[in-house]
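Architecture at a glance
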Amino acid sequence: MSVRIDALDRKILAELQRDASQSLDVIAGNVGSSKTPVWNRIRKLREAGVIGKQTVILDAEALGYEACFFVLIRTSEHEAAWQAAFLKALQDRPEVQEAHRLAGDIDYILKVRVKNARAYDAFYQALISEVRVHNVTALLSMEEIKSTTDLPLEE
């Protein structure tokens, strides 16, 4: 379903990205509209798939997940059965926050959040026991400089 997004929709989306827990009254006030048109637009954007699930962003370090690894995976396997097993292994592991299939020398990159290096090793050992990979390189993030889920909403 295709939807046209105008300037008011962009303002509403920016408000929701900033804080989706805001009341409809606050969002309407911030975008210069009234509650009913804002609600109708939000409903339209949800139905069109522009707005997905609403969630809460947790502080990983406050919860003891102090290590973030970016894992580069090269594989010599490209058959459908291997890919299905690999995707299932990733989906079954809550440590994997993101997984991307890449073009170039590296086949996949994972963002893995764990409590420490020992927890990463347990994750790594479990993963390679389930699926065969040619090469794995783990890069420990020393400092998160920027992390956002916000999309740029320019026209």
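For clarity, every value in this text was computed on a predicted model and none was experimentally measured. (Residues numbered from 1 in each chain as written. Predicted model: local features only at pLDDT ≥ 70, side-chain atom pairs only at ≥ 80, totals over all residues. Heavy atoms only, no water.)

**What to know about the domain arrangement of the protein**
- Domain annotation for the protein reports domain 1 (7–48) and domain 2 (61–141).
- Between domain 1 and domain 2, the C-alpha centre-to-centre distance is 37 Å. (Domains from an automatic or database assignment.)

**What to know about the pairing of strand 2 (residues 96–101)**
- Here 5 bridges tie strand 2 to strand 3 (residues 108–114), and the two strands are oriented antiparallel to one another. In the sheet register, E98 faces strand 3, and the bridge partner there is K111.
- A loop of 6 residues connects strand 2 with strand 3, the two strands running antiparallel in sequence, and G104 in this loop sits at a positive phi of about 110°. (Pairing = 2+ DSSP bridges. Helix = DSSP H or I, 4+ residues; strand = E, 2+ residues; numbered from the N terminus.)

**A word on the pattern of salt bridges**
- The full count for this structure, using the stated rule, is 10 salt bridges.
- In this structure, the salt-bridge partner of R41 is D6, at a minimum N-O distance of 2.8 Å. With R41 in helix 3 (residues 35–47) and D6 in the segment before helix 1 (7–18), this pair connects stretches of sequence that are 35 residues apart.
- Classification of R41 by relative accessible area gives partly exposed; the value is 21%.
- A salt bridge links R41 to D9; the shortest N-O distance between them is 2.9 Å. Here D9 lies in helix 1 and R41 lies in helix 3, a separation of 32 residues in the sequence.
- Given the relative accessible area of 0%, D9 is considered buried.
- Put simply, D6, D9, R41 and K44 are held in one network by salt bridges that share partners. (Salt bridge = Lys/Arg side-chain N within 4 Å of Asp/Glu carboxyl O. Buried < 20%, exposed > 50% of the residue type's maximum accessible area, 1.4 Å probe, protein only.)

**Remarks on helix 4 (residues 80–91)**
- The first and last C-alpha atoms of helix 4 sit 16 Å apart over 12 residues, in line with the 16 Å expected at 1.5 Å per residue.
- Of the positions making up helix 4, those classed as buried are W82, F86, A89 and L90. Projected onto a plane normal to the axis of helix 4, the buried residues spread over an arc of 100° and lie on a single side. Those residues of helix 4 that are exposed and angled more than 90 degrees off the buried face are A80, A81 and Q91.
- Tucked inside the fold, the buried residues of helix 4 contact strand 1 (67–74), strand 2, strand 3 and helix 5 (117–130). (Expected span 1.5 Å × (residues − 1). Arc of directions from axis to C-beta. Contact = heavy atoms within 4.5 Å.)

**A look at the packing of aromatic side chains**
- Counted under the stated rule, the structure contains 6 aromatic pairs.
- Relative to Y108, the ring of F86 lies with its centre 4.6 Å away and its plane at 55°, an arrangement referred to as tilted. Here F86, found in helix 4, pairs with Y108, found in strand 3; they are 22 residues apart in sequence, far enough to count as distant.
- The exposure class of F86 is buried, given its relative accessible area of 0%.
- The exposure class assigned to Y108 is buried, which follows from its relative accessible area of 8%.
- An aromatic cluster is defined as three or more aromatic residues linked by ring pairs; in this entry it consists of F69, Y120, F123 and Y124.
- Positioned over the ring face of Y65 is K115, at 4.9 Å from the centre of the ring. (Phe/Tyr/Trp six-rings, centres within 6.5 Å; stacked < 30°, edge-to-face > 60°. Lys NZ or Arg CZ within 6 Å of the ring centre and 35° of its normal.)

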